[in-house]
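So you can see what is in the structure, the chains are spelled out below.
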2 protein chains.
Amino acid sequence: MDKTVKVVVDAMGGDNAPAEPIKGAVEAVRERKDIQVVLVGKQELIEEELKKYPDYPKEQIEIVNASEVIETAEPPVFAVRKKKDSSIVRGLMMVRGGQADAFVSSGSTGAVLVGGQVLVGRSKGVERPPLAPLIPTAKGVSLLIDCGANVDARPSHLVQFAKMGSIYMEHVVGIKNPRVAIVNNGAEEEKGNALVKETFPLLKACTDINFIGSIEAREIPSGYADVIVCEAFVGNVILKLYEGVGATLISKIKAGMMTSLRSKIGALLVKPALKDTLKTFDASEHGGAPLLGLKGLVVKTHGSAVAVEIRNAIFQCVQFKQNGINEKIAQRLNEDTEKQEQPS
Amino acid sequence: MDKTVKVVVDAMGGDNAPAEPIKGAVEAVRERKDIQVVLVGKQELIEEELKKYPDYPKEQIEIVNASEVIETAEPPVFAVRKKKDSSIVRGLMMVRGGQADAFVSSGSTGAVLVGGQVLVGRSKGVERPPLAPLIPTAKGVSLLIDCGANVDARPSHLVQFAKMGSIYMEHVVGIKNPRVAIVNNGAEEEKGNALVKETFPLLKACTDINFIGSIEAREIPSGYADVIVCEAFVGNVILKLYEGVGATLISKIKAGMMTSLRSKIGALLVKPALKDTLKTFDASEHGGAPLLGLKGLVVKTHGSAVAVEIRNAIFQCVQFKQNGINEKIAQRLNEDTEKQEQPS
């Protein structure tokens, strides 16, 4: 079957490795025939772990040995250069060499970002590959682009983020004509820092995206836009504050429910419904964050990812590959480059 | 009594004017003898509103007529220049002229910020006056400095923010030796955008603040630092996302509780406890945001502020004035300026 997508999964990455990445891989191949998973990491550990699962389509999972592990605390550039036999470097090299379509890792974000750019390489025309997680909103999910390592981005980078994000939301998440907004410190057009002020008219002039203007941070959780464009420092603040406010608020609510007998009884009754609700507002339910604009696909899952997240990230890779997202991105951005190069 | 603090309250500012600002003023003077409130705005409206309160110490409230109102949608610089007889301009001019110690407004943030800087004027040695709201955390409150109009700040501005914020937290909020952290996209010292990388060593070198390093946005709601330093664009994103995530999560939880009969009964039982909990995590409970580093005090309350917030903001002004915060700030920053000017 020529539509099979080959995904390398970092069996050593994240807080729950190797158990959860391997469980996620097994669940994925049990569910779909068109996936080939490569588990990369310490062979004996992986083989030992796989013994837990007697019945899964064995021909859909292979193992590639990698003797080293990059720890999250290691300086990324140095680690990627030094640990050639790490699961991250081995996995990325397979994507680079065309032996695999995608790489999924819950390991060091820095190493995945650096390795993705350096080892897999940027697609032609892409200035900077953004990391773009899906964040939960009142209405579903939005794409936050960029949360990566590209701090101090230039306006032209943000314009590319808007285009790549639109393609992703339309063809992977399935939102027609996605609304694109730029994060700003006010709704009025004259608001913004130097970067936003310079980027705004460029986005407004794009005919191939559905640009709806500025978005204030207050409106992000309400689902006001599908593609939320910002530079990586701001994106990082948004992503992490989302988690932080959610966690603190939920723990406060839980503690609040324990203050009286009356509320304790109430808590027991609301618990199941509440659990379902909070699940829909949990970023980890939505698979991983793709690093867009590379020659292959690299997906970063949360450091605390469990099997369901890994499985979803693998499915995301299939969707991505089968819909030819990279080809669409390359085509769109290269059209722009050609336009710029032509004398008008 | 020479310790009486004179506070001008913008009776026309915010969504609930004039009713709530006036109610807040009445509550404040009923509670404390050492406050003199000036209500600035349309005289007939204010007089009419005050009739609702037959018993309050009338000698503690006076009215200053202002025939114009600056709307939130108006371009701030233009509005402040044009509407000389607006409540905001009149109020700020009283602080400038020394007829009042402080000005409290729920009106146009832009106009209050611009007016504060232009009409009241910066204290000697202050490069940029930051707007510094208190935000709720798991442990109490933290000061987020700057959320104002100073986007694209320089490292020296951020250092001043750290010092002013420390003085405020120590002498107004009462936190001894407040922990100061700079918002960053990672905990490691080598992380950051150009601004943070340049500011970090400067903060580290300050002997007069308790600098604890970087703070990731995830740690802000947990109360990891007392003074959270950032430039205004990032501060604005943090402040507004705080509100946005909180509001969306709470409405999701409420909806979730309505999904079954079981959870509906539970919801009735937890409601009172939950209400108390959410109150402690409500930014509006903590009075207003001071614009620090001016010759007088200017406090911006939330656009949707109600009486309790106005009353708290008035008390905040008293605390501020009676503790000589402006004098402390001027002294601290001028010591720095003198040090820089002396040849070493």
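Residues numbered from 1 in each chain as written. Chains lettered and ligands numbered in written order. Predicted model: local features only at pLDDT ≥ 70, side-chain atom pairs only at ≥ 80, totals over all residues. Heavy atoms only, no water.

**Considerations on the overall build of chain A**
Counting its secondary structure elements, chain A contains eleven helices and eleven strands. In terms of overall size, chain A behaves like a compact globule, its C-alpha atoms giving a radius of gyration of 21 Å where 344 residues would be expected to give roughly 20 Å. Here chain A holds 344 residues, and 58% of them are scored as buried. Carbon and sulfur atoms provide 52% of the accessible area of chain A, an area that totals close to 14200 Å². Between the mean site of the 43 positive side-chain charges and the mean site of the 42 negative ones, chain A shows a separation of 2 Å. (Helix = DSSP H or I, 4+ residues; strand = E, 2+ residues; numbered from the N terminus. Rg over C-alpha atoms; globule rule 2.2 N^0.38 Å. Buried < 20%, exposed > 50% of the residue type's maximum accessible area, 1.4 Å probe, protein only. Areas by Shrake-Rupley, 256 points an atom, 1.4 Å probe, with all protein chains shown as cover. Lys, Arg positive; Asp, Glu negative; His and termini not counted. Charge placed at Lys NZ, Arg CZ, Asp CG, Glu CD.)

**Concerning the state of the cysteines**
Tallied over the entire structure, the rule returns zero disulfides over all chains. Not part of a disulfide, A:Cys317 finds its nearest cysteine sulfur in A:Cys147, a span of 18 Å. Residue A:Cys317 is classed as buried on the basis of its relative accessible area, which comes to 1%. Left without a disulfide partner, B:Cys147 is nearest to the cysteine sulfur of B:Cys230, which lies 5.8 Å away. You can call B:Cys147 buried: its relative accessible area is 7%. (Disulfide = S-S within 2.5 Å.)

**Quick word on unusual backbone geometry**
All names here are of chain A. For the bond running from Ala17 to Pro18, omega is -5 degrees, close enough to zero to count as cis. Mapped onto the elements, Pro18 comes out in the loop between β1 (5-10) and α1 (19-31). With phi around 55 degrees, Asp152 is a residue other than glycine that occupies positive phi space. Within the fold, Asp152 resides in the loop between β6 (141-145) and α6 (155-173).

**Structural notes on the interface of chain A and chain B**
Each partner contributes to the interface: chain A provides 52 residues, whereas chain B provides 52 residues. Buried area between chain A and chain B, summed over both chains or domains, comes out near 4800 Å², and the portion from carbon and sulfur atoms is 72%. Counting the surface chain A buries against chain B, the share from its top three residues, A:Phe233, A:Leu241 and A:Lys252, is 14%. Seen at the junction of chain A and chain B, the total is four salt bridges. Elements that contribute at least two residues to the side of chain A that touches chain B include exactly β7 (179-184), α7 (194-205), α8 (232-257) and α9 (261-280) of chain A. Sort the elements by how many residues they give to the side of chain A that touches chain B and α8(A) lands first, with 19 residues. Here the residues of the side of chain A that touches chain B sort into 29 nonpolar, 16 polar and seven charged. (Contact = heavy atoms within 4.5 Å. Buried area = accessible area lost by both parts, 1.4 Å probe. Salt bridge = Lys/Arg side-chain N within 4 Å of Asp/Glu carboxyl O. Nonpolar A, V, L, I, M, F, W, Y, C, P; charged D, E, K, R; others polar.)

**Re the relation of the copies chain A and chain B**
Expressed as a screw operation, the relation of chain A to chain B combines 0.0 Å of axial shift with a rotation of 180 degrees, fitting to an RMSD of 0.0 Å. The superposition of one copy onto the other is thereby described by a two-fold rotation axis. Rotation axis and chain A: the residue whose C-alpha lies nearest the axis is A:Gly266, separated from it by 1.8 Å. An overlap of 100% is found between the interface residues of chain A and their copies at the interface of chain B, pointing to a shared contact surface. (Least-squares fit on C-alpha atoms with pLDDT ≥ 70 in both.)

**A few points about the environment of A:Ala187**
Residues and elements named next belong to chain A. Relative to the helices and strands, Ala187 is located in the loop between β7 and α7. Counting along the chain gives 168 residues from Ala187 to Ala19, while the straight-line C-alpha distance between them is 46 Å. Those residues in contact with Ala187 that lie beyond four places of it in its chain are Ser214 and Glu216.

**So, helix α10 (residues 307-322) of chain B**
Residues and elements named next belong to chain B. Under the 1.5 Å per step criterion, the end-to-end length of α10 is 23 Å for 16 residues, consistent within 8% with the ideal 22 Å. Counting buried residues in α10 gives twelve out of 16 residues, a clear majority hidden from the surface. For α10, the set of buried residues is Ala307, Glu309, Ile310, Arg311, Asn312, Ala313, Ile314, Phe315, Gln316, Cys317, Val318 and Phe320. Following α10 by one or two positions, Gly324 has its phi on the positive side, about 60 degrees. (Expected span 1.5 Å × (residues − 1).)

**Quick notes on the side chain of B:Lys240**
The topology assignment puts B:Lys240 in helix α8 (residues 232-257). Exposure remark for B:Lys240: the relative accessible area of 11% places this residue in the buried category. Sequence-distant contacts of B:Lys240, that is, excluding residues within four places in its chain, are made with A:Asn185, A:Glu216, A:Ala217 and A:Arg218.

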